[in-house]
Amino acid sequence: MASSWHSTCDSFFVESAESERDGIYAARKLRQEKARIDAETQMEIADEMSRMVSEEYQEDILDHMEVMEAESLPDVASIDIQTEIQWFMRPYLLDFLIEAHTAFQLLPDTLFLTVNLLDRYCSKRVVYKRHYQLVGCAAMLIAAKYGDKKDRVPTIRELKAMCCNLYDEDMFIQMEWHVLQTLGWVVGHPTVDSFLQMVLQEVNYDPEVEYMARYLSEIALFHKEFVSTRPSVMARSSLALARHILGRTIPRHSDWAGKYDTTVVILLSQEIHCPSQILVRKYSSPEYACVSTILEDFMTRQAVMARQQRGPPTPPSEELYEAGKSPVEERKHDTNCMTPQKNQSQPMGYITPPVSPNGGYYMDEELGSSHHMEVTPTLPQYLS
């Protein structure tokens, strides 16, 4: 009898404990669900308030961005008179930066800001070619810290490994500080991507148009002609060209968003026939709607149409047949049709620049005067 009572009591307490535990878990789950709903509601309220404020101050924001973009444009003329770094080196550095940007999964805005910081620095300092890649890495580090997700900011050790250990870790820190000091700690710059987002907010979202416009804008980064083009102009012009390539009709925009520079569109259309293979590979993925493949198909169709418009080749003149000469034989005696020959006295390839600038002074042949730019720090403790 005692044994039966104890067993009943044990069962009662176990069931009570389980019921109490289930009640605690249920109450906790309810609190968590309520907290999640409250958080979502607060985010919706915050987004709505941000949208209302954005619409109210949209014109002021745009005016401020246009002032900032004008103040933070690089000077092509100053880069032209660099003695060691040359424009033909730029595509190699940009390929490296784009690969690093993709590897670290940074935001699109970060890439455009990186190139802007790089060009602005080269507008103000004489840069040794052995430091060119280091300046690019420092610019990317600053841009990522400024506007990207903090968990994706590259570490100095990762940048060092990507540079094949060419630079010591302290050199990245010194160059980062030197870039910031040279630019007066003014990092903010309205990029092409930020203006793209402003224009695209006015219309229904079309991912192909966005990715194509961004692809065209990144192609423009490789060409000197667009270095001093305002990002707002580049954004609207690349959108206009992207819609033409994709066969999209031009939507109804505001007066500002609907304007584009015809000259920029024409120049950009002339530079899209041979983009960087790094960019082609990047934008051939489904993540970017395979827009590089779409552009390649578009260029192929354009080439076919151009050949059809030219018509069949002109037949040879009858005088040649009457004289008993074939067109090939006649061209052999025509000096105007000869293939141009290379001048053997001219050096092949690019001449290696001097090891260092002449004290930061160099002549501008067009202006006939000397200019001075402060020199990038030599970091003697690391470089021989």
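Computed from a predicted model, the values in this text were never measured in an experiment.

Draft legend 1. Seen up close, helix H13 (residues 291-310). The end-to-end C-alpha distance of H13, which contains 20 residues, comes to 29 Å, matching closely the 28 Å that a straight helix rising 1.5 Å per residue would cover. When we look at burial in H13, the residues that qualify are Val-291, Ser-292, Leu-295 and Phe-298. Each buried residue of H13 lies within a common arc of 115 degrees when the element is viewed along its axis, so the set occupies one face. In H13, the exposed positions that point more than 90 degrees away from the buried face belong to Glu-296 and Gln-308.

Draft legend 2. Quick peek at the packing of aromatic side chains. Counted by the stated rule, this structure contains four aromatic pairs. Each ring, one from Tyr-215 and one from Tyr-283, has its centre 4.9 Å from the other, and the planes form 35 degrees; the classification is tilted. Here Tyr-215 is found in helix H9 (residues 207-220), whereas its partner Tyr-283 is found in the loop between helix H12 (277-282) and H13, with 68 residues between them in sequence. Of the two residues, Tyr-215 and Tyr-283, both sit in the buried class. For the pair Tyr-283 and Tyr-288, a centre-to-centre distance of 4.8 Å together with 50 degrees between the ring planes defines the contact as tilted. An aromatic cluster is built from Tyr-211, Tyr-215, Tyr-283 and Tyr-288, whose rings are joined through pairwise contacts.

Draft legend 3. Here's a closer look at the environment of Asn-116. In this fold, Asn-116 is placed in helix H4 (residues 108-122). Looking at Asn-116, the relative accessible area reads 6%, which means it is buried. The spatial distance from the C-alpha of Asn-116 to the C-alpha of Ala-143 is 9.5 Å, given a sequence separation of 27 residues. The contacts of Asn-116, once residues within four sequence positions are left out, are Ser-72, Pro-74 and His-189.

Rules used in this analysis
- Residues numbered from 1 in each chain as written.
- Predicted model: local features only at pLDDT ≥ 70, side-chain atom pairs only at ≥ 80, totals over all residues.
- Heavy atoms only, no water.
- Helix = DSSP H or I, 4+ residues; strand = E, 2+ residues; numbered from the N terminus.
- Expected span 1.5 Å × (residues − 1).
- Buried < 20%, exposed > 50% of the residue type's maximum accessible area, 1.4 Å probe, protein only.
- Arc of directions from axis to C-beta.
- Phe/Tyr/Trp six-rings, centres within 6.5 Å; stacked < 30°, edge-to-face > 60°.
- Contact = heavy atoms within 4.5 Å.

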